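# Fold and contact review
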Amino acid sequence: MPFWTPDPTFYPSARMAMQGPAERYAFLATLNPTLTGAPDALCVVDVDPGSSGYSQVVGRVEMPNAGDELHHFGWNACSSALCPYAPHPHVERRYLVVPGLRSSRIHIIDTKPDPRQPKIVKVIEPEEVMDRAGYSRLHTVHCAPDGIYVGALGSPQGEGPGGILVLDHDSFNVLGRWEVDRGPQQLAYDFAWHLGHDTLITSEWGTPKMVEGGLNPELLLQGRYGHSLHIWDLRKRRHLQALDLGAEQQMVLELRPSHDPTRSYGFVGVVVSLKDLSASVWLWDRAGENWSVRKVIEIPAEPADPDDLPPALKPFKAVPPLVTDIELSLDDKFLYVSCWGTGELRQYDVSNPSSPRLAGSVRLGGILARSPHQKAGRLNGGPQMVEVSRDGRRVYLTNSLYASWDPQFYPDGIQGWMVKINANPEGGVAVDPSFFVGFEGERPHQVRLEGGDASSDSYCYP
């Protein structure tokens, strides 16, 4: 008698996921910064040190249209399918859901039978997304127990509010808008959840009109970009509470909740403070029925000669860290913080979440430093997107932020690269001198790892 068995890359707990086999391939979104001509692509990078193709692009699928601006993509299914209330325990981690941030188009890409030869099996056009959900400018994808959630920055007209839409797990049809009662929430960016607490958290960047043309200095100095977190009832889909970090804290972006479903804390990165150009990381948590947030990490700007700075920074006489991504290891022990401006990747020991301790640091690129890699010499751009392997031993970095924002901070252009950092389980990081992937004419953004990574899966068991 045959039996259905769950996908072997699904794990009941983060602790068990850490014991799984190492990834052999990384899937990487690359964009054509001109937004015309050649389309964006999904590349497959060999990350197996024992392979003859190690540190090389070994597969590639181009999108059917130009100008998508691929950004944050995700798996169709993950370990959340093992949650007690999941209606689909026998789906498999097979398809990558790849949205266009600028086009609002969604690509469904099949990674089987050969992950080196992914292929597009469905394209959801922007008209369907806008008609069914009322959203556009799709940014982030997460797999949940009840569907595929896709974050969006705004309305079809480029205004607010932004929010979340849901896709069906099997057909990939757009089901509609997730929010039933959004309360005061207007700006959107990332979203995350505490499945064990029936809670969803959202963060804020700006509407499409606020971000697509580049960073707007006037809006920034007026404190108009996002500076709040929003707490939601996950099952009732209703807004519960807004947590304002203060208008001087501009662009409250990446959310990284604890991987332990019994815990209710998480970290969020803030790009810049208007007070002194510092960047920061904040800790949210719940006490009773109320949630709170407070700053636990502050990274100062680095003084600089205005003559050496790009025009956008000359008046400030400093290089801001520009924290654009953070990542939490599956054991909740280490938080990785990318400083795209200064070119630094910081590793913090967050075993005590309320009191992070700097445990390691490396430098690559940076607005002024242009810190080198052994295989490529001096680099531009800086650590931007961060992805951590399930066992916590490897950290992958790419260097492009957003097509219209890259030249404001790196006027000579972003020469794309992907690198690997080796992480010590006891703390400490070092650049892997043998791994470097360079890109000509296209810019790499998000990385997803075969079998899952530190930000792809949610767990319902401790």
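Residues numbered from 1 in each chain as written. Predicted model: local features only at pLDDT ≥ 70, side-chain atom pairs only at ≥ 80, totals over all residues. Heavy atoms only, no water.

### Points about the sheet that holds strand β5 (residues 95-99)
Here is the rule we go by: For two strands to be treated as a pair, DSSP must find no fewer than two bridges joining them. Helix and strand definitions here come from DSSP, where helices need a minimum of 4 consecutive H or I residues and strands a minimum of 2 consecutive E residues; each element is numbered from the N-terminal end.
Taken together, the four strands give an open sheet; going across it, the order is β4-β5-β6-β7, and neighbouring strands pair in antiparallel fashion. Either end of the sheet is taken by a strand with one partner, and the two such strands are β4 (74-75) and β7 (119-124).

### A short note on the pairing of strand β24 (residues 344-349)
As a reminder of what qualifies: Residue burial is assigned from relative accessible area. The probe radius is 1.4 Å, only protein chains are included, and a residue is buried under 20% of its type maximum, exposed over 50%, and partly exposed in between.
In terms of burial, β24 is a largely internal element, six of the six residues being buried. On β24, burial covers both faces: Glu344, Arg346 and Tyr348 on one face and Leu345, Gln347 and Asp349 on the other are all buried. Sheet topology note: the strand β23 (residues 334-339)/β24 ladder contains six bridges and is antiparallel. Looking at the pairing, Val337 lines up with Arg346 of β24. Taking the residues between adjacent antiparallel strands as the criterion, β23 and β24 are bridged by four residues, where Gly343 takes a positive phi near 80°. Two strands pair when backbone bridges link them, and β24 and strand β25 (residues 357-363) are joined in this way by six bridges, in the antiparallel orientation. Bridging from a neighbouring strand, Glu344 pairs with Arg363 of β25.

### Observations concerning the state of the cysteines
As used in these notes, a disulfide is a covalent bond between sulfur atoms, one from each of two cysteines. Formally: For the purposes of this analysis, a disulfide is any pair of cysteine sulfur atoms at a distance within 2.5 Å.
In total, this model carries two disulfides according to the counting rule given. Note on cysteine connectivity: Cys78 is disulfide-linked to Cys143, with sulfurs 2.5 Å apart. Here the disulfide of Cys78 and Cys143 is right-handed, its torsion about the S-S bond being about 125°. Of this pair, Cys78 sits in the loop between β4 and β5 while Cys143 sits in strand β8 (residues 136-144); the two residues are 65 residues apart in sequence, bridging distant segments of the chain. Across the disulfide, Cys83 is cross-linked to Cys460 (sulfur-sulfur distance 1.9 Å). Residues Cys83 and Cys460 share a disulfide whose torsion about the S-S bond is about 80°; that sign makes it right-handed. With Cys83 in the loop between β4 and β5 and Cys460 in the segment after β32 (443-449), this residue pair connects regions lying 377 residues apart in the sequence. In the chain, the bonded cysteines, taken in the order they occur along the sequence, pair up as 1-3, 2-4.

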